[in-house]
Amino acid sequence: MNLFSISQSPGVIAALLAVFDAEALADFLHKMVTSGWFTAIVIILAVLLVLYILLRIYGAMRDKRLSRIVYERRFSDEGVYEGETVELIETVRNTGFFPLLGVDIESYFYNELDLEEYEPEKGSTMQYVISRFNLWPYMQIKRHHRLTATTRGHYKLQIATVYSKKQPIPLEAPAELYVYPKAIPLNLPVLAVGRMQGEYVSNRPLFTDPFSLAGIRDYRFGDPVSQINFKASAKVPMTGYTSSPLKVNARDYCASRRLMVYMDFHLPMGSKIDGREYNKRAERGLSFCAALIRDAVYAGFRVGFAANCKRNDGEMSSRFGCESSDAHLVAIMKEMAQMSPTDGASFASLLEKDIAASMTDTEIIIVCFDTHEDVLDRINTLEQFGNSVQQIVLEEVEEDG
């Protein structure tokens, strides 16, 4: 058999090619295995495989531990006045040895509680916030968010959410904040009450009695010019001063005085103001009441408050008797925070309750939209009992600036 005949045999050619390919393949594999980069690739693949297994184990363990974290939040103050700032304090605690990294806790905030350095999306009614925590074993993290209370109201936060494999895990984290009306002070004239002096003396006045002169004292920074006694100042001898030191009248202030503040939400028939203007004036009236009540309580007064607005529990009016304590002030402010500016019970009926109780020796201030004939009759009766009554019409106050 010659070479030509061998080359024409298919079986022989296939056998030669197989031997040649096997040898080449074996040589290639030998070179590849003995090379350094092959060893590096094998090590990298082994490490990636181990990391993948560890990540799967970590993910399974993480999902179980996420539901066991302790999450709490609270406001730094129970209540603040409109326009003031408050802090929301978040506390997250890992109760186990297993580390939890990249824990995103999602929650919604009211737009009325303006979160510092946060810009809400246009058209959104709530602020969507994500807080990320890296929790090592048994670690606790406390985080502070600064908020500005822009609108009066009662705000409750209930549930936050943390996600596990795209499944939400709700976290019960209640927190509530009362936003009191913005306290806008009023410069009211002295009210003529039969027992102006009261029974005790205090240096924390709400209204001064112009006839209660207790003596002369040195001028202090902040004293009004109207209190300067120029005759007494002129009699002070010159003793090294370039001018005579000023003297002011020292007044007595009473601590047993009673103040009753009313807010009338009734809008007279035929009034042309719209709902937006009504709400604006109602908020302004609550601000006046808040300032009066706060200053009176701080001055040691016994203070009460009544309003004919609808309440959340269905009642048509609110009433607080005359008391003097911080707890009493907080209770009134909380009620104001929850008030809906809506006309409720008859305002005359509120006055009738105090007339029936024979209220006396009380300074009464009524904040209202307008005066009414039926209310004027009750006011006359209250004045006959020895009370002083002063009405503040919101439209007139706003026109005066």
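Residues numbered from 1 in each chain as written. Predicted model: local features only at pLDDT ≥ 70, side-chain atom pairs only at ≥ 80, totals over all residues. Heavy atoms only, no water.

1. Things to note about the pairing of strand β15 (residues 302-307)
- Summarising burial for β15: five of the six residues are buried, a large majority.
- The pairing of strand β14 (residues 258-263) with β15 spans six bridges and is classified as parallel. Of the residues in β15, the one forming a bridge with valine 261 is phenylalanine 305.
- What joins β14 to β15 is helix α5 (residues 275-298), and the crossover it makes is right-handed. (Buried < 20%, exposed > 50% of the residue type's maximum accessible area, 1.4 Å probe, protein only. Helix = DSSP H or I, 4+ residues; strand = E, 2+ residues; numbered from the N terminus. Pairing = 2+ DSSP bridges. Right-handed = clockwise from strand over helix to strand, strands pointing away.)

2. Structural notes on α5
- Here α5 contains 24 residues, and its C-alpha end-to-end distance of 34 Å stays within 8% of the 34 Å for a straight helix at 1.5 Å per residue.
- Within two residues after α5, glycine 300 carries a phi angle of roughly 90°, on the positive side. (Expected span 1.5 Å × (residues − 1).)

3. Some thoughts on the side chain of histidine 328
- Mapped onto the secondary structure, histidine 328 falls in helix α6 (residues 326-338).
- What makes histidine 328 buried here is its relative accessible area of 7%.
- In this structure the side chain of histidine 328 is engaged in a polar contact, spanning 2.8 Å, whose partner is the backbone oxygen of valine 303.
- Look past the residues within four positions of histidine 328 in its chain and what remains in contact with it is Val303, Phe320, Gly321 and Glu323. (Polar contact = N/O pair within 3.5 Å; in protein donor to acceptor, adjacent residues only side chain to side chain. Contact = heavy atoms within 4.5 Å.)

4. Quick notes on the confidence of the model for the chain
- Across the chain, pLDDT averages 80, with 78% of residues at or above 70.
- Under a pLDDT of 50 for its full length, residues 190-204 has, in the predicted model, 39 contacts with residues more than four places off or in other chains. (pLDDT = per-residue confidence, 0-100.)

5. Some details on the pairing of strand β1 (residues 70-75)
- In β1, alternate side chains face the same way, and those of Tyr71, Arg73 and Phe75 are buried while those of Val70, Glu72 and Arg74 on the opposite face are not.
- The pairing of β1 with strand β3 (residues 85-93) spans six bridges and is antiparallel. Across the sheet, the residue bridging to valine 70 is arginine 93, located in β3.

6. Looking at the sheet that holds strand β5 (residues 113-115)
- Taking strand neighbours across the sheet as the criterion, the four strands line up as β1-β3-β7-β5 in an open arrangement whose pairing is antiparallel. Each edge of the sheet is formed by a strand with only one pairing partner; in this case those strands are β1 and β5. In this sheet, adjacent strand axes meet at a mean angle of 30° when their direction is disregarded.
- As paired elements, β3 and strand β7 (residues 140-149) share nine bridges and run antiparallel to each other. Among the inter-strand pairings, glutamate 90 is bridged to a residue of β7, identified as arginine 143. (Axes fitted to C-alpha atoms, helices over the stretch in contact; angles between N-to-C directions.)

7. A word on the nonpolar core
- By size, the foremost hydrophobic cluster in this structure holds 35 residues, and its most contacted members are Met263, Phe265, Ile293, Phe305, Met333 and Met336.
- For this core, the secondary-structure elements that each account for two or more residues are β9 (167-180), β14, α5, β15, α6 and β17 (363-368).
- Per-element tally for this core: the top contributor is α5, with 10 residues.
- Once you skip the residues sitting within four places of it in the chain, methionine 333 turns out to touch Tyr81, Tyr180, Ala290, Ile293 and Arg294.
- In terms of nonpolar packing, the next biggest core, distinct from the first, is built from 17 residues, Leu350, Ile355, Met359 and Ile364 among them. (Core = buried A, V, L, I, M, F, W, Y, C linked by side-chain atoms within 4.5 Å.)

8. As for the packing of aromatic side chains
- Scanning the entire structure with this criterion turns up five aromatic pairs.
- Residues tyrosine 278 and phenylalanine 369 carry aromatic rings whose centres are separated by 4.8 Å and whose planes lie at 5° to one another, so their mutual orientation is stacked. Separated by 91 residues along the polypeptide, tyrosine 278 in helix α5 and phenylalanine 369 in the loop between β17 and α8 (373-384) bring together distant segments of the chain.
- The buried category is assigned to tyrosine 278, whose relative accessible area is 10%.
- The class of phenylalanine 369 is buried, set by a relative accessible area of 4%.
- Taking NZ or CZ as reference, arginine 143 lies 4.0 Å from the ring centre of phenylalanine 133, over its face. (Phe/Tyr/Trp six-rings, centres within 6.5 Å; stacked < 30°, edge-to-face > 60°. Lys NZ or Arg CZ within 6 Å of the ring centre and 35° of its normal.)

9. Description of the pattern of salt bridges
- Across all of its chains, the model carries eight salt bridges by this definition.
- Glutamate 78 is the salt-bridge partner of lysine 334, the closest N and O atoms lying 2.2 Å from each other. With a gap of 256 residues between them, lysine 334 in helix α6 and glutamate 78 in the loop between β1 and β2 (79-81) connect regions that are remote in the sequence.
- With its nearest N and O atoms 3.0 Å apart, the salt bridge here joins arginine 319 to aspartate 354. With arginine 319 in strand β16 (residues 318-323) and aspartate 354 in helix α7 (residues 347-356), this residue pair connects regions lying 35 residues apart in the sequence.
- Take arginine 319: its relative accessible area is 32%, and that puts it in the partly exposed class. (Salt bridge = Lys/Arg side-chain N within 4 Å of Asp/Glu carboxyl O.)

10. Comments concerning unusual backbone geometry
- For serine 358, which is not glycine, the phi torsion reads 55° and is therefore positive.
- Within the fold, serine 358 resides in the loop between α7 and β17.

11. Re the sheet that holds β16
- Ordered by their spatial adjacency, five strands build an open sheet running β16-β15-β14-β17-β18, and the pairing between neighbours is mixed. Here the strands that pair on one side only, and so sit at the sheet edges, are β16 and β18 (388-393). Strand-to-strand, the axes of this sheet are offset by a mean angle of 15°, without reference to chain direction.
- Here β17 runs beside β18; their pairing, made up of six bridges, is parallel. Among the inter-strand pairings, isoleucine 364 is bridged to a residue of β18, identified as valine 389.
- The strands that α7 touches are β14, β15, β16 and β17; relative to β14, the one it contacts most, it runs at about 160°.
- Helix-sheet contacts for α8 involve β17 and β18, and the interaxial angle to β18 is about 150°.

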